[in-house]
Amino acid sequence: MTEKEFDRLIDRRNTASEKWERYKDSEVLPMWVADTDFMAPPAVLEALHKRIDHGIFGYTNTPQELNELVISRMQSMYDWQIKADSLVWLPSLVCGLHLACRAVGDTGTAVLTPAPIYPPFMSSPRLSQRELITVPMKLEQQRYTIDLEALEELITPSSKLLLFCNPHNPGGTVYRREELQALADLIIRHDLIICSDEVHCELLLEPGIQHIPLASLSDEIAQRTITLMAPSKTFNIAGLGCAYAVIDNPDIRQRFQQVRKGIVPDVNLLGYTAAIAAFRDGDEWNRAQLNYLRGNRDYLVNEINAIPGLSLNPIEATYLAWIDVSATKLENPQHFFEQAGVGMSPGRDFGDPRFMRLNFGCPRRILEQAVERIRRSLLNHLPV
């Protein structure tokens, strides 16, 4: 697999793509929802073709091979030993957030979540009849982390669950071991449960950093952690619907499985098929993807910071850029940039209207077009 494959322009119009359908009747470049415009790994395509050729698509149990692949992968990548009994397969990571909110505490108890954050972190507690408490994040040395002092002050007797995101979406932070340990100590000290969204863990862009699953720190924190992971972001197979939770604590796992019964369906067989192929044979492809994404990131950071009114911090992971547009004084940044021909996610949806999130998981030519449109529109807008 060569990086040149990621330069390929694939027409996603008229495919019912959520990302591209939003702007189907315009020339706006869709750079919002978090899927990429890269074709899935060849091994995944081959496996899907083979499964489709079989021709029968009935109800499907979780393949034993997939459980074994995940267990082996967690061991080899993170030195994290998990058991097959701890795995709960899900049709999406977002439903895992909702299930965690329903499985921990009771109606009216509090769920803490950092902000800015991926929008379902704020909607899932409300939809689960929980009280939402947002915890400010702090920006230090151009990295977003949870303000642990603020978090501790916001904890009340009704606080039962903390939602956590590592790598952070939208800020791109990869938490270091000492940061994770400090958070784990706080969780244990206050008798909380934590749900850790780690879906971007294989999209690390900064050389020399590593992802550390929170639950891998110790058995004590593992007994308090619901870890959510999926192959969806890494291998661009989100539409196939396959994710998993790792829940060591049998009481929490039983409650998690109980609240899903009759509501959340099992993973479909093509989701299982794609996950097996991705985990078994997709790593070389992902190494090429990461090199390509690093090039996109470096280009974007340089270009955005050269545009008056915009600011972009370094991005350690993900293919998402959290752009500070506050200096532009735009009343409606989303509308302004859509008029300029670039469709981004508004920061208000993440809890901070001063920002816009841009998805740079696309061919370089598309990213260059988007940057030029942003630059041209702001140069015409801002006073000399």
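I will try to describe carefully the structure that is included in this document. Just so it is clear, the model here is predicted, and its values are computed rather than measured.

Thresholds, definitions, all that
- Residues numbered from 1 in each chain as written.
- Predicted model: local features only at pLDDT ≥ 70, side-chain atom pairs only at ≥ 80, totals over all residues.
- Heavy atoms only, no water.
- Helix = DSSP H or I, 4+ residues; strand = E, 2+ residues; numbered from the N terminus.
- Disulfide = S-S within 2.5 Å.
- Buried < 20%, exposed > 50% of the residue type's maximum accessible area, 1.4 Å probe, protein only.
- Pairing = 2+ DSSP bridges.
- Axes fitted to C-alpha atoms, helices over the stretch in contact; angles between N-to-C directions.
- Contact = heavy atoms within 4.5 Å.
- Expected span 1.5 Å × (residues − 1).
- Polar contact = N/O pair within 3.5 Å; in protein donor to acceptor, adjacent residues only side chain to side chain.
- Parallel < 35°, antiparallel > 145°, perpendicular 65-115°, else oblique.
- Phe/Tyr/Trp six-rings, centres within 6.5 Å; stacked < 30°, edge-to-face > 60°.
- Core = buried A, V, L, I, M, F, W, Y, C linked by side-chain atoms within 4.5 Å.
- Lys, Arg positive; Asp, Glu negative; His and termini not counted.
- Salt bridge = Lys/Arg side-chain N within 4 Å of Asp/Glu carboxyl O.

1. Focus: the environment of proline 250
And then number 1: Its place among the elements puts proline 250 in helix α10 (residues 250-260).
And then number 2: The spacing of proline 250 and isoleucine 276 is 26 residues in sequence and 26 Å in space, taken between C-alpha atoms.

2. Describing the state of the cysteines
And then number 1: According to the stated counting rule, one finds 0 disulfides in the structure shown.
And then number 2: Cysteine 101 takes part in no disulfide bond, and the closest cysteine sulfur, belonging to cysteine 195, lies 7.3 Å away.
And then number 3: Among the residues examined, cysteine 101 registers a relative accessible area of 0% and is labelled buried.

3. Here we look at the sheet that holds strand β4 (residues 131-140)
And then number 1: With respect to topology, 8 strands assemble into an open sheet ordered β2-β9-β8-β7-β6-β3-β4-β5, the strand pairing being mixed. Here the strands that pair on one side only, and so sit at the sheet edges, are β2 (87-90) and β5 (143-146). Within the sheet, the average angular offset between the axes of one strand and its neighbour, ignoring direction, is 25°.
And then number 2: Pairing analysis gives 4 bridges linking β4 to β5, with the strands arranged antiparallel. Within β5, the residue paired with lysine 138 across the bridge is threonine 145.
And then number 3: Each of β2, β7 (193-197), β8 (225-229) and β9 (243-247) touches α10; the most contacted strand, β2, lies at about 20° to it.

4. Some words on helix α11 (residues 269-281)
Helical periodicity: at 3.6 residues per turn, an α-helix aligns residues three or four positions apart in one direction.
And then number 1: Between its first and last C-alpha, α11 extends 18 Å over 13 residues, near the 18 Å set by a 1.5 Å rise per residue.
And then number 2: Counting buried residues along α11, 10 of its 13 residues qualify, which places the element largely inside the surrounding structure.
And then number 3: Along α11, the residues that are buried comprise Leu269, Gly271, Tyr272, Thr273, Ala274, Ala275, Ile276, Ala277, Ala278 and Phe279.
And then number 4: Elements that come into contact with the buried residues of α11 comprise α2 (42-54), α3 (64-78), β2, α9 (232-235), β9 and α12 (283-304).
And then number 5: By the N-cap criterion, in which a side-chain oxygen at the helix start approaches the backbone nitrogen of a residue two or three places on, α11 is capped by asparagine 268, the distance to leucine 270 being 2.9 Å.

5. Quick notes on the packing of α12 against helix α14 (residues 364-381)
And then number 1: At a closest axis distance of 11 Å, the pairing of α12 and α14 adopts a crossing angle of 10°. Classified by the interaxial angle, the pair formed by α12 and α14 is roughly parallel. In this structure, α12 contributes Tyr292, Gly295, Asn296, Tyr299, Leu300 and Glu303 to the contact, and α14 contributes Arg364, Leu367, Glu368, Val371 and Arg375.

6. Considerations on the packing of aromatic side chains
And then number 1: Counting across every chain of the model gives 12 aromatic pairs.
And then number 2: For the pair phenylalanine 6 and tryptophan 285, a centre-to-centre distance of 5.5 Å together with 55° between the ring planes defines the contact as tilted. Pair noted here: phenylalanine 6 is in the segment before α1 (18-21) and tryptophan 285 is in helix α12, with a separation of 279 residues, a long-range link. Note on accessibility: phenylalanine 6 and tryptophan 285 belong to one class, buried.
And then number 3: One aromatic cluster is present, built from ring pairs that chain together Phe6, Phe38, Phe235, Phe279, Trp285 and Tyr292.

7. Some words on the nonpolar core
And then number 1: Core analysis: the largest hydrophobic core is formed by 70 residues, its most contacted members being Leu358 and Phe360.
And then number 2: Considering every element that reaches this core, the biggest residue donor is α12, with 9 residues.
And then number 3: Setting aside anything within four residues of it in sequence, one finds phenylalanine 360 in contact with Leu205, Leu293, Asn296, Arg297, Leu300, Ile315, Thr318, Tyr319, Leu320, Ala321 and Leu367.
And then number 4: Cys101, Leu132, Cys165 and Ile193 belong to the second largest nonpolar core, which has 31 residues in total.

8. What to know about the sheet that holds strand β11 (residues 320-324)
And then number 1: Spatially, 4 strands are ordered β10-β11-β14-β13 in an open sheet, and the strand pairing comes out antiparallel. Looking at which strands have only one partner, the edges of the open sheet turn out to be β10 (311-312) and β13 (345-346).
And then number 2: In this structure, β13 lies alongside strand β14 (residues 355-359), joined through 2 bridges in antiparallel fashion. Paired with proline 346 across the strands is methionine 356, a residue of β14.

9. Here we look at the environment of isoleucine 247
And then number 1: Residue placement: isoleucine 247 occurs in strand β9.
And then number 2: A sequence separation of 159 residues divides isoleucine 247 from valine 88, and the C-alpha atoms of the two residues are 7.6 Å apart.
And then number 3: Among all residues touching isoleucine 247, those that are not within four sequence positions of it are Ser86, Val88, Thr225, Ile226, Ile252, Arg253 and Phe256.

10. Structural notes on unusual backbone geometry
And then number 1: In this structure, the amide linkage connecting alanine 115 to the following residue, proline 116, adopts the cis form with an omega of 5°.
And then number 2: On the secondary structure map, proline 116 appears in the loop between β3 (110-115) and α5 (120-127).
And then number 3: With an omega of 25°, the peptide bond between asparagine 169 and proline 170 qualifies as cis.
And then number 4: Here proline 170 shows up in the loop between β6 (159-165) and α7 (177-189).

11. A word on the side chain of arginine 357
And then number 1: Relative to the helices and strands, arginine 357 resides in strand β14.
And then number 2: No salt bridge is formed by the buried arginine 357. Its closest oppositely charged neighbour is aspartate 349, at 8.8 Å.
And then number 3: One polar contact links the side chain of arginine 357 to the main-chain carbonyl oxygen of tryptophan 32, over a distance of 3.1 Å.
And then number 4: Ignoring anything within four residues of it in the chain, the contact list for arginine 357 reads Met31, Trp32, Val33, Ala34, Asn169, Pro170, Leu320, Ala321, Trp322, Met344, Ser345 and Phe350.

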